Amino acid sequence: MTKRAQAKYKIDRRMGENIWGRPRSPFNKREYGPGQHGQRRKGKATDFGTQLKAKQKVKGYYGNISERQFHSYYVEARRLKGDSSAHLIGLLERRLDALIYRAKFVPTVFRRAPVRQSRPHQGQRPAGQHPLLSGQGRRPCRDQGILASNAVGA
Amino acid sequence: MPLVLEANALAERDVPDYIDVDHAKGTAKLTRVPGLSEVPYPTHMEPNLVIEFYSR
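(A) Quick look at the overall build of chain B. Per the secondary structure count, chain B includes 2 helices and 2 strands. Along chain B, helices (α) and strands (β) appear in the sequence α-β-β-α when read from the amino end. For chain B, the residues scored as buried account for 27% of the 56 residues in total.

(B) Local environment of the overall build of chain A. Counting its regular elements, chain A contains 5 helices and 0 strands. For chain A, the succession of helices and strands along the chain, N to C, is α-α-α-α-α. Per-residue burial over chain A gives 34% buried out of 154 residues. Looking at chain A alone, contacts between residues at least 24 apart form 48% of all its contacts between residues at least 6 apart.

(C) Structural detail: helix H2 (residues 47-61) of chain A. Between its first and last C-alpha, H2(A) extends 21 Å over 15 residues, near the 21 Å set by a 1.5 Å rise per residue. When we look at burial in H2(A), the residues that qualify are Gln51(A), Ala54(A), Lys55(A), Lys57(A), Val58(A), Lys59(A), Gly60(A) and Tyr61(A). The elements touched by buried residues of H2(A) are helix H1 (10-15) and helix H3 (67-79) of chain A together with helix H2 (47-55) of chain B.

(D) Highlighting H2(B). Looking at H2(B), one finds that the buried residues are Pro47(B), Val50(B), Ile51(B) and Phe53(B). Down the axis of H2(B), the buried set is contained in an arc of 155 degrees. They therefore lie on one face. Elements in contact with the buried residues of H2(B): H2, H3 and helix H4 (84-93) of chain A.

(E) Layout of the environment of Ser85(A). Within the secondary structure, Ser85(A) is located in helix H4. Counting along the chain gives 66 residues from Ser85(A) to Ile19(A), while the straight-line C-alpha distance between them is 19 Å. The residues contacting Ser85(A), other than those within four sequence positions of it, are Pro47(B), Asn48(B), Val50(B) and Ile51(B).

(F) Quick look at the pairing of strand S2 (residues 27-30) of chain B. All names here are of chain B. Taking every second residue as pointing to the same face, both faces of S2 are buried, with Thr27 and Lys29 on one and Ala28 and Leu30 on the other. Here strand S1 (residues 19-22) pairs with S2 via 4 bridges, running antiparallel. Residue Ile19 lies in a different strand from S2, and its bridge partner there is Leu30.

(G) Structural view of the packing of H2(A) against H2(B). Running from N to C, H2(A) and H2(B) cross one another at 115 degrees; their axes reach a closest spacing of 8 Å. Seen from above, H2(A) lies across H2(B) with left-handed handedness. Taking contact as the criterion, the partners of Thr50(A), Gln51(A), Leu52(A), Ala54(A), Lys55(A) and Val58(A) in H2(A) are, on H2(B), Pro47(B), Leu49(B), Val50(B), Glu52(B) and Phe53(B). Grouping the amino acids of the contact of H2(A) with H2(B) by side-chain chemistry returns 7 nonpolar, 2 polar and 2 charged.

(H) Structural detail: the confidence of the model for chain A. Residues and elements named next belong to chain A. Per-residue confidence for chain A averages 76 on the pLDDT scale, and 71% of its residues sit at or above 70. With pLDDT under 50 throughout, residues 116-131 is counted as low confidence; its partners more than four residues away or in other chains account for 16 contacts. This stretch, residues 141-154, has a pLDDT under 50; its non-local contacts, to residues over four places away or in other chains, come to 49 contacts.

(I) Seen up close, the nonpolar core. By size, the foremost hydrophobic cluster in this structure holds 31 residues, and its most contacted members are Tyr73(A), Tyr74(A), Leu88(A), Leu99(A), Ile100(A), Ala103(A) and Val50(B). Of all the secondary structure elements, the ones that give two or more residues to this core are H2, H3, H4 and helix H5 (96-102) of chain A together with S2 and H2 of chain B. In terms of residue count, the dominant contributor to this core is H5(A) (5 residues).

(J) Expanded view of the packing of H3(A) against H4(A). Residue and element names in this part refer to chain A. The interhelical angle for the contact between H3 and H4, taken along N-to-C directions, is 130 degrees, at an axis separation of 8 Å. Classified by the angle their axes make, H3 and H4 are oblique. When the axes of H3 and H4 are compared, the crossing they make is right-handed. Across the interface between the two elements, Tyr73, Tyr74, Glu76, Ala77 and Arg78 from H3 touch Ser84, His87, Leu88, Leu91 and Leu92 from H4. Considering only residue class, the contact of H3 with H4 consists of 6 nonpolar, 2 polar and 2 charged.

Reading the values: the criteria
- Residues numbered from 1 in each chain as written.
- Chains lettered and ligands numbered in written order.
- Predicted model: local features only at pLDDT ≥ 70, side-chain atom pairs only at ≥ 80, totals over all residues.
- Helix = DSSP H or I, 4+ residues; strand = E, 2+ residues; numbered from the N terminus.
- Buried ≥ 20, exposed ≤ 12 C-beta atoms within 10 Å, placed from the backbone.
- Contact = placed C-beta atoms within 7 Å.
- Expected span 1.5 Å × (residues − 1).
- Arc of directions from axis to C-beta.
- Pairing = 2+ DSSP bridges.
- Axes fitted to C-alpha atoms, helices over the stretch in contact; angles between N-to-C directions.
- Left-handed = near helix turned anticlockwise from the far one by under 90°.
- Nonpolar A, V, L, I, M, F, W, Y, C, P; charged D, E, K, R; others polar.
- pLDDT = per-residue confidence, 0-100.
- Core = buried A, V, L, I, M, F, W, Y, C linked by C-beta atoms within 7 Å.
- Parallel < 35°, antiparallel > 145°, perpendicular 65-115°, else oblique.

Next comes the structure, spelled out in structure tokens:
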């Protein structure tokens with residue numbers, strides 16, 4: 001797993017919208033781009049500019065993905081039959097960290113769920129023995145979402 | 001775990017249909033791979049532009 005190098009919510013201001021819909025986003029207070037020149041007029045985006053922005057937004061939304069890893073999702077999405085953009089979303093949503101976030105085990109995409117070392121669902125772990133990597137893909141139904149929070153409610 | 005309880009209490013998001021969660025047991029299960037329209041993005045995502053970006 002790579003280390004996040006940028007301020008978490010900077011992307012909200014860069015994109016000009018609150019991409020996780022969080023009430024704490026700095027975009028709610030400062031509705032302009034980050035940095036010294038953030039308040040300058042924005043020029044008209046080129047085709048490349050809009051594509052780049054769309055890519056950065058999707059990549060940034062998942063929080064912990066490096067460009068290299070994200071690109072590999074694109075390669076895989078292109079390889080699969082059917083609509084590549086749908087496959088891309090499908091691949092991203094089956095990441096373990098995305099699943100944990102969607103299941104509301106963590107408040108933001110940047111947090112990782114506390115996971116018990118010896119899980120009761122040994123037989124339902126994914127085939128590899130290192131099931132705790134964020135980017136690890138899950139297959140629907142087959143692999144269970146193990147994760148568990150050390151005694152929720154206790 | 002306080003973190004989990006805190007996350008759970010957040011009202012700003014709902015667990016989407018394609019995930020089965022049992023918060024009492026602390027398990028979650030991806031029941032199927034979702035399409036773009038099923039994923040609850042708070043903003044408008046354009047994966048088609050992402051594909052275009054890489055295919056240039």
